[in-house]
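Tertiary structure, described
The chain contents come next:
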Amino acid sequence: MSDDVMQKVISLCKRRGFVFQSSEIYGGLRSAYDYGPLGVELKRNLMNAWWRDMVHRRENVVGLDASIVMHPRVWEASGHLAGFSDPLVDCKVCKERFRADHATVVENGADVTLHFADKGRAKTALALISDQFGVELERRGKELIGATAGDRGYVCPVCGSPFMSEERQFNLMFRTSMGPVDPMGRLANAIEAGELDGLSGSDLRGCIDRITKESAVYLRPETAQAMFVQFNNIQQSMALKVPFGIAQMGKSFRNEITVEHFIFRSCEFEQMEMEFFCEPGTDDTWFEYWKQARMDWWQKFANHPESFRLRPHEPEELAHYAKGCYDIEYLYPWGWGELEGIANRTDYDLKKHIKYSGSKIEYFDPVERKRYTPFVIEPAAGATRGVLSFLVDAYCEEEVVTQKGTDVRTVLKLHPQLAPIKVAVLPLVKKNGMPEKAREVVEAFFQRGVNAKYDAQHAIGKRYRRHDEIGTPWCLTIDGQTMEDGTITLRDRDTMEQRRISIENAVQEIENLLRD
Ligand code: GAP
C-alpha cells in the first residue's frame, strides 16, 4: 500500500466531513484535528463497540470515567513526571528537532555526508558550518562531504549533520495550573525580590520549576492511572472478586515532539484502556487470553485481517517493570505501526501508588482468606489510531462498468457497525409522493435509534456513489413501483446488488443485517 493511499484518505476525510485540521481558518494548529459530522460517528461507533465488548458483554469488567486532571502526586508515582520525557536535540544546520533515541546511528569518527534538497541549501549550509564550527567541508552538488561523526553515536535524521545542540529532557505532559495562585505572578514577585539573582542554567530552571510547581497540574497522558488510583473504591463499592477489570476510554494528551501521519500521532487523542486485576501466578494465563481476545476484536471489523499482527517486544523495548508485552500492529501505508499494547505490568503500578499515597491497596480473598496485591494485565488501545486503521482498511477504488463505458468508484468498506450512516433513504424523483414516502421510512428508522439519512440531491447514480464514498452500507430507494406495490429497492454498498423488499419490513431487515 502506498503513501498515495494516505493522501487519498486524508483528502476524503476533509471532503466528506470526517476529519478537519483544527482552527483551519487561522492557519491550523499543529497536530490538532477536529472530527466532523461523519468522523464523530465513526469514532463513537468504534469506542461504543469497544465498551460493549469489553464492559457490557463481560460480567467481571466495570467502567470508570475519571477526571482528566488528577493530583500531581499520581504522576510522580506513575513515573510520568520524572521519566515521561524524551531526549531532544536540535540540528544546528537544518534546524530539525528530533529525538536522540530515534536518530540515525553512526559510529564515533565515521565519515558522514550531509544531504540537502538543492544546491542553494547546500551552499548556505557549507558557509554556516564554516562560520559557526570552523569546519571546512567540500560541496558536491546537493551534498557536503568531509564531516566526521562525534561521540554521540548519531547524526541528524534529516540532513545527516553531526552539528547538534546538547540533549535536553522534554516532558511530554501538558502542564497548567489550578487554584487562586497565579504562577506567573509568583515568579514576577520572586524576580522583583531578587530571589533569582545570580542564578543561571539548571539552577535558574530548578528555581523557576519550584516556584511554579506549587500550583501545577497536568493533563493526563494516559487513562490508565485513574484505574489504579480508584482500585479500592471500585472493588469495594461493587463487591468485585479478583479476577476483574476496570475499563476507561477518553482523551489523553501528550506534547509529542514528532507528530506524524495525520491522526496517527497527535498531541490530543483518545484511548481505550482496561486494567485487568488477577492473582499473581495466574497472570501468564490471563496475558495469553487478552492478547488473543484483543487481536480477534480488531480483526472482526476488518476487511483485511492480515494487516493486523501481534509483535512481542524485544527485551530492550520492554519497560523495566513489565513481565511481557505485545503490540498489536497495523500495516499503515508507511509500514507497521502500533495500535494497541498488551502488557503484563505485574503489581508495579499498585505498589507504586501504595508507596506514594501511603494508602493500603490490596485485595482480600474471602475464600482462601488471604490478602495480596493483584497483578495487572493491561490492553491499552488507541481509539483515534483505530479510526485511522479502519479508514485505511476500508478505502477502496473499484472499476465499474457504466452505460458510458468504465468508471472508478471510491468505496469505504467500513464494517456496518462502524459506518457513520447505516442506511440512506432515497426518493427516485422529488415528486409523485416519493419524498413523503421516503420521509416516513426515515422516521421509522429514527424511532428505532438507527442513524438513517434522507437524501434527494442529484441523480440516483450520483447519490449511490456519494454513499459508497462515506461507507453507508445500504441504500433504500423509493420509486414508482413502491407507490403501486409497497416494495422498495435495497442496494448493498459492497456488491452493488439490488433486491426488492417490502417497505413494511425495511427497518427489521436493516436491523437484522446490522446484527449479522
Ligand atoms: N497505559 C499504557 C499506555 O498508555 P501507550 O502505548 O503509551 O500505553 C496506548 O498508549 C495506545 O495509545 C497506543 O498503542 C496508541 O494506539 C495510542 N497512542 C499513544 N500515543 C498516541 C498519540 N500521540 N497519538 C495517538 N495515539 C496514541
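Okay, so let's go over this structure. Keep in mind that what you see is a predicted model, and the values were worked out from it rather than measured.

This paragraph deals with the site of the ligand. Neighbouring residues of the ligand: 18 residues in total, closest Glu222, Glu256, Ser266, Glu273 and Glu338. Within the side chain of Arg254, a nitrogen or oxygen atom sits 2.9 Å from an oxygen atom of the ligand. At a separation of 3.1 Å, an oxygen atom of the ligand approaches a polar backbone atom of Gly382. Protein chains shield 89% of the accessible area of the ligand, which is 550 Å² for the free molecule. Elements supplying a minimum of two residues to the shell around the ligand: β15 (268–278), β18 (335–346) and β21 (375–382). For the shell around the ligand, the element with the most residues is β21, which contributes four residues. Of the residues contributing to the shell around the ligand, the split by class is six nonpolar, three polar and nine charged.

What follows is about the packing of helix α2 (residues 37–56) against helix α10 (residues 283–300). Put simply, α2 and α10 touch, their axes get as near as 12 Å, and they point 140 degrees apart. As the angle between them shows, α2 and α10 are arranged oblique. The two elements α2 and α10 meet at a crossing, and its hand is right-handed. For the pair α2 and α10, the contacting residues are Leu46, Ala49, Trp50, Arg52, Asp53 and Met54 in the first and Trp290, Arg294, Trp297, Trp298 and Lys300 in the second. By residue class, the composition of the contact of α2 with α10 is seven nonpolar, no polar and four charged.

Between side chains of opposite charge, a pair can form as their charged atoms come close. In the structure shown here, the tally under the stated rule is 41 salt bridges. Of the charged contacts, one joins Glu329 and Arg311 as a salt bridge, the two residues approaching to 2.8 Å between their closest N and O atoms. A residue pair is termed long-range when its members are at least 10 positions apart, and Glu329 in strand β17 (residues 324–332) and Arg311 in strand β16 (residues 308–312) qualify at 18 residues. One salt bridge connects Arg345 with Glu378, and the closest N-O pair in it is separated by 3.4 Å. You can see Arg345 sitting in strand β18 and its partner Glu378 sitting in strand β21, a full 33 residues away along the chain. The residues Arg345 and Glu378 share a single accessibility class, namely buried. If you follow the salt bridges from partner to partner, you end up with Glu398, Arg409, Lys413, Asp468 and Arg491 in one network.

With respect to topology, three strands assemble into an open sheet ordered β7-β9-β8, the strand pairing being antiparallel. Only two strands of the sheet have a single neighbouring strand rather than two, namely β7 (111–115) and β8 (138–140). This sheet shows a mean twist of 30 degrees between the axes of neighbouring strands, independent of strand direction. Across the face of the sheet, helix α5 (residues 119–133) comes into contact with β7, β8 and β9 (143–148) while running at roughly 175 degrees to β8.

How each quantity is defined
Residues numbered from 1 in each chain as written. Predicted model: local features only at pLDDT ≥ 70, side-chain atom pairs only at ≥ 80, totals over all residues. Heavy atoms only, no water. Near = heavy atom within 4 Å. Polar contact = N/O pair within 3.5 Å; in protein donor to acceptor, adjacent residues only side chain to side chain. Areas by Shrake-Rupley, 256 points an atom, 1.4 Å probe, with all protein chains shown as cover. Helix = DSSP H or I, 4+ residues; strand = E, 2+ residues; numbered from the N terminus. Nonpolar A, V, L, I, M, F, W, Y, C, P; charged D, E, K, R; others polar. Axes fitted to C-alpha atoms, helices over the stretch in contact; angles between N-to-C directions. Parallel < 35°, antiparallel > 145°, perpendicular 65-115°, else oblique. Left-handed = near helix turned anticlockwise from the far one by under 90°. Contact = heavy atoms within 4.5 Å. Salt bridge = Lys/Arg side-chain N within 4 Å of Asp/Glu carboxyl O. Buried < 20%, exposed > 50% of the residue type's maximum accessible area, 1.4 Å probe, protein only. Pairing = 2+ DSSP bridges.

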